[in-house]
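Examination of the molecular architecture
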Amino acid sequence: MGSSSGSCDYSFKILLIGDSGVGKSSLLVTFISNSVQHLSPTIGVDFKIKQLIVGGKRLKLTIWDTVTSSLAYHVYIAAGQERFRTVTSSYYRAAQGIILVYDVTRRESFTNLADVWAKEVELYSTNQDCIKMLVGNKVDRDIEREVTREEGIALAQEHKCIFIECSAKTQQNVQQCFEELALKILEVPSLLEEGSTVVKRNSLKQKQVHKAPSGGCCS
Ligand code: GTP
């Protein structure tokens, strides 16, 4: 689904972070395929590509779905602090957009955004201008709600994030979530420059591959 590099104006890297089970993979799959599917927990890091037109621009979004904090912790234990920092910082490096997801029916996933995830973003994100978005997922389960919309808005303001509530299950606001983020990225000149540099670099690479001799040995 839109996975070829094709021709586009800008290419952006987007990250999805938040506690395990909040619905990161579901949001991603719903956005990519416009359908709801049952998923098993993400092991390691997964990414998907979607091409779309936003604000009259052809965009290629590479959306990364994270390791959960517990898995990251195991990487930390297994690999030692330095390796952990390398893995984590390479994940955050050069992201133009970061989506912080919580589950509106699980208060702990909301408090962890401030206590754990926002701190990790501050520590590892290399992009000062990166656009952050706070997403309250699972609004279809409104009677089980533990986090109000007002609390979500307040946290978003505190951390300078855009805010949206959605449901990966009913698809409510999922498309809008990614499109709003892309629109905000398009408003920032430094992010636009990065996005077009990636496109130019990729098309140069493709040209070089096409020019390479088909047989014989390489130097
Ligand atoms: P990890 O891969 O462990 O990090 O979890 P995740 O954040 O990617 O969550 P995932 O998408 O795997 O969803 C966890 C569970 O919540 C699954 O059973 C989903 O079907 C369910 N779920 C996800 N989004 C929604 C939603 O909007 N509404 C409801 N009711 N359930 C949802």
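Keep in mind it's a predicted model, so treat the numbers as computed, not measured. (Residues numbered from 1 in each chain as written. Predicted model: local features only at pLDDT ≥ 70, side-chain atom pairs only at ≥ 80, totals over all residues. Heavy atoms only, no water.)

**Some points on unusual backbone geometry**
In plain terms, the rule: Working definition: helices are DSSP H or I runs of at least four residues, strands are E runs of at least two. Numbering for both runs from the N terminus. Each residue gets one of three labels from its accessible area relative to the maximum for its type: buried under 20%, exposed over 50%, partly exposed in between, using a 1.4 Å probe on protein chains only.
One non-glycine residue, Lys138, lies in the positive phi region at around 75°. Along the chain, Lys138 falls in the loop between strand 5 (131–137) and helix 4 (149–158). The backbone phi angle of Asn173 is positive, close to 65°, even though this residue is not glycine. Take Asn173: its relative accessible area is 25%, and that puts it in the partly exposed class.

**Quick notes on the sheet that holds strand 3 (residues 57–65)**
In plain terms, the rule: Here, strands pair whenever DSSP counts at least two bridges between them. Helix axes are fitted only over the stretch in contact, all axes being lines through C-alpha atoms; the angle between N-to-C directions runs from 0 to 180 degrees. Residues are treated as being in contact if the distance between any of their heavy atoms lies within 4.5 Å.
With mixed pairing, 6 strands are arranged side by side in an open sheet as 2-3-1-4-5-6. Sheet topology places strand 2 (46–54) and strand 6 (162–165) at the edges, where each strand pairs with a single neighbour. Between one strand and the next, the sheet's axes are offset by a mean angle of 25°, whatever the strand orientation. The pairing of strand 2 with strand 3 spans 9 bridges and is antiparallel. Of the residues in strand 3, the one forming a bridge with Leu52 is Leu59. The strands touched by helix 4 are strand 4 (97–103), strand 5 and strand 6; relative to strand 6, the strand with the most contacts, the crossing angle is about 160°. Each of strand 1 (10–17), strand 2, strand 3, strand 4, strand 5 and strand 6 is contacted by helix 5 (residues 174–186), which is oriented at about 165° to strand 5, the strand it contacts most.

**Points about the packing of helix 3 (residues 107–124) against helix 4**
Definition in use: Each angle is binned into one of four classes, with values under 35 degrees roughly parallel, values over 145 roughly antiparallel, values of 65 to 115 roughly perpendicular, and all other values oblique. Here is the rule for handedness: rotate from the far helix to the near one, and if that takes an anticlockwise turn smaller than a right angle the crossing is left-handed, while a clockwise turn gives right-handed. All amino acids are sorted into three groups, where Ala, Val, Leu, Ile, Met, Phe, Trp, Tyr, Cys and Pro are nonpolar, Asp, Glu, Lys and Arg are charged, and the leftover types, Gly among them, are polar.
The interhelical angle for the contact between helix 3 and helix 4, taken along N-to-C directions, is 10°, at an axis separation of 11 Å. In terms of axis orientation, helix 3 runs roughly parallel to helix 4. Relative to helix 4, the crossing made by helix 3 is left-handed. Contacts between helix 3 and helix 4 involve Arg107, Phe110, Leu113 and Ala114 from the former and Glu151, Gly152 and Leu155 from the latter. Each residue belonging to the contact of helix 3 with helix 4 can be placed in one class, and the counts come to 4 nonpolar, 1 polar and 2 charged.

**What to know about the pairing of strand 3**
Pairing of strand 1 with strand 3 involves 7 bridges; the strand directions are parallel. Within the sheet, the bridge partner assigned to Phe12 lies in strand 3 and is Leu61. Between strand 2 and strand 3, which pair antiparallel in sequence order, lie 2 residues; one of them, Gly55, sits at a positive phi of approximately 55°.

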